[in-house]
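Listed below, chain by chain, are the residues.
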Amino acid sequence: MKRSNFIALIIGTIGGVLFALGMCMALLPEWNAFIEGIVLGSIGLLVGLITLLLWCKMENKKMPKISGKNIFRIIYSIIATLVLGVGMCMCLVWNMIIWGTLVGLWGIIMLIALIPMIKGIK
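This text gives an overview of the structure that appears in the document.

Topic: the pattern of salt bridges
All chains considered together, the criterion is met by one salt bridge. A salt bridge links glutamate 59 to lysine 2, with the nearest nitrogen and oxygen atoms 2.9 Å apart. Separated by 57 residues along the polypeptide, glutamate 59 in the loop between α2 (34-58) and α3 (68-92) and lysine 2 in the segment before α1 (3-27) bring together distant segments of the chain. The class for glutamate 59 is buried, based on a relative accessible area of 15%.

And the structure:
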């Protein structure tokens, strides 16, 4: 693994954890930390953006172009992630194990479909 990829992995993981913790703080009423969660989640998003900029600089690459295809990929990945999350909620929160498993598997299949969507099939 190249050093630039390792650094991006570490910083990106930190950003993802901050974002996830912030969203938990904001969305779980038991924690009573909505404002703090929004701030922490925003910091996580900012760290993720900094990770992308830093990785592009270390790899001497340009930022990805904003095109219709990339916007579709982003929207698709958000929907796939939400489907997986709903499946997890169905299993863990709403005690709908069978349906939650099926919805979660559908979300995983949607996320796996991103690989040929981005890399292509050769």
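Considering unusual backbone geometry
In most cases, non-glycine residues show a negative phi, while peptide bonds are predominantly trans. At asparagine 32, a position not held by glycine, the phi torsion is positive, near 50°. Tracing the backbone shows asparagine 32 in the loop between α1 and α2.

Side note on the packing of α3 against helix α4 (residues 97-112)
In contact at an axis separation of 7 Å, α3 and α4 are set at 160° when each is read in the N-to-C sense. If you check the angle between α3 and α4, you find them roughly antiparallel. Handedness of the α3/α4 crossing: left-handed. Contact with α3, carried on its side by Tyr76, Ser77, Ile79, Ala80, Thr81, Val83, Leu84, Val86, Gly87, Met90 and Cys91, involves Ile97, Trp99, Gly100, Thr101, Val103, Gly104, Trp106, Gly107, Ile108, Met110 and Leu111 of α4 and no other residues of that element. When grouped by side-chain class, the residues that make up the contact of α3 with α4 number 15 nonpolar, seven polar and no charged.

Procedures and definitions
Residues numbered from 1 in each chain as written. Predicted model: local features only at pLDDT ≥ 70, side-chain atom pairs only at ≥ 80, totals over all residues. Heavy atoms only, no water. Salt bridge = Lys/Arg side-chain N within 4 Å of Asp/Glu carboxyl O. Helix = DSSP H or I, 4+ residues; strand = E, 2+ residues; numbered from the N terminus. Buried < 20%, exposed > 50% of the residue type's maximum accessible area, 1.4 Å probe, protein only. Axes fitted to C-alpha atoms, helices over the stretch in contact; angles between N-to-C directions. Parallel < 35°, antiparallel > 145°, perpendicular 65-115°, else oblique. Left-handed = near helix turned anticlockwise from the far one by under 90°. Contact = heavy atoms within 4.5 Å. Nonpolar A, V, L, I, M, F, W, Y, C, P; charged D, E, K, R; others polar.

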